[in-house]
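Single-letter residue listing:
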Amino acid sequence: MASLIESSWQYLITHFSDFQLACLGSFFIHESVFFLSGLPFIWLERAGWLTKYKIQAKINSPSSQGRCIMRLLLYHFGVNLPVMLFSYPVFRYMGMRSSLPLPSWKVVLAQIIFYFILEDFVFYWGHRVLHTKWLYKHVHSVHHEYATPFGLTSEYAHPAEILFLGFATIIGPALTGPHLITLWLWMVLRVLETVEAHCGYHFPWSPSNFLPLYGGSDFHDYHHRLLYTKSGNYSSTFTYMDRVFGTDIGYRKLKASKSAEIEFSSEPKKK
């Protein structure tokens, strides 16, 4: 397996420049993973399949879904791609490389864990700031246009927010100067995580059912369906920041109340 990955990587670095791989290659991978993972949730919603796993009963109209997709394409080509192009010198300066040998799995794992921890911390505070009155009204309200989120709404946001919260995702790699393959893996994991968090479905196989402190769709859906001043649940991937600062109290009370209702309804009734 390792030799196959190395030979495939050798092909890439032989036929493409560092700039092409780091910028255009990263953009291609992002778009592919984002739309391939996000579009199926539009299809599920329109087809009315697996509705028992849908968190909210409300569905989005085809026109609102189409508007989201068109705006996303505009933002991705008008904001994301230029950011990737202009940030390339910074990543190169910090030590990012694409040459062989590839990093060991221990190095990759350690860097990915560090990125998740740092991203959760930075994102939490940035997200809380965006929920202050002025910034919410003029910037973050764009993302909250969809009170019933679906996968692709994860990146539907004001351009200023794309830059602001995007900083949380790139700060880790910018500091460590990873191998490009590590950067790609990190990008894929973050895209899959944020699409899942906005998908609008909570399945038996959802990561939050297995990973401690993982937020996921149910956690973030709560954030979208409440008023901005009372929402809480500001975390990105893992919810330790909300737990530490008590901004998930409303969500935890709701979950406890639902659990109590289920337990009460399952008790045998006295004759």
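Criteria and thresholds
- Residues numbered from 1 in each chain as written.
- Predicted model: local features only at pLDDT ≥ 70, side-chain atom pairs only at ≥ 80, totals over all residues.
- Heavy atoms only, no water.
- UniProt positions renumbered as here; feature names shortened; annotations may be inferred.
- Helix = DSSP H or I, 4+ residues; strand = E, 2+ residues; numbered from the N terminus.
- Phe/Tyr/Trp six-rings, centres within 6.5 Å; stacked < 30°, edge-to-face > 60°.
- Buried < 20%, exposed > 50% of the residue type's maximum accessible area, 1.4 Å probe, protein only.
- Lys NZ or Arg CZ within 6 Å of the ring centre and 35° of its normal.
- Salt bridge = Lys/Arg side-chain N within 4 Å of Asp/Glu carboxyl O.

**Things to note about the UniProt feature "transmembrane region" (unreviewed entry) in the chain**
Point 1. As recorded in UniProt, the sites labelled "transmembrane region" (unreviewed entry) are residues 21–43, 73–95, 107–126 and 162–186.
Point 2. Counting secondary structure, residues 21–43 comes out at 100% helix and 0% strand; the distance between its end C-alpha atoms is 32 Å.
Point 3. In residues 162–186, the share of helix is 88% and the share of strand is 0%. The end C-alpha atoms are 17 Å apart.

**Considering the packing of aromatic side chains**
Point 1. This model, assessed by the stated rule, comprises 23 aromatic pairs.
Point 2. Consider the rings of Tyr124 and Tyr234, whose centres lie 6.1 Å apart with planes at 75°: the pair is edge-to-face. Separated by 110 residues along the polypeptide, Tyr124 in helix α4 (residues 105–130) and Tyr234 in the loop between α8 (216–224) and α9 (240–245) bring together distant segments of the chain. Each of the two residues, Tyr124 as well as Tyr234, counts as buried.
Point 3. Through successive ring pairs, a cluster of aromatic residues spans Phe114, Tyr115, Phe116, Trp186, Tyr214 and Phe238.
Point 4. Looking at Lys54, its charged tip hangs above the ring of Tyr201, at a distance of 6.0 Å from the centre.

**Observations concerning unusual backbone geometry**
Peptide bonds are trans in most cases, and residues, glycine excluded, mostly fall at negative phi.
Point 1. Put simply, Leu100 and Pro101 share a cis peptide bond, and its omega is 5°.
Point 2. Residue placement: Pro101 occurs in the loop between α3 (62–93) and α4.
Point 3. Although it is not a glycine, Leu50 adopts a positive phi angle of roughly 55°.
Point 4. With respect to the helices and strands, the residue Leu50 is situated in the loop between α2 (18–47) and α3.
Point 5. At Asn233, a position not held by glycine, the phi torsion is positive, near 50°.

**Regarding the pattern of salt bridges**
Point 1. On inspection of all chains with the given rule, the structure shows 9 salt bridges.
Point 2. One salt bridge in this structure joins Asp218 and Lys255, with 3.1 Å as the shortest N-O distance. With Asp218 in helix α8 and Lys255 in helix α10 (residues 249–266), the pair connects residues that are 37 residues apart, well separated along the chain.
Point 3. Salt-bridge contacts for Arg225 lead to Asp221; the nearest nitrogen and oxygen are separated by 2.9 Å.

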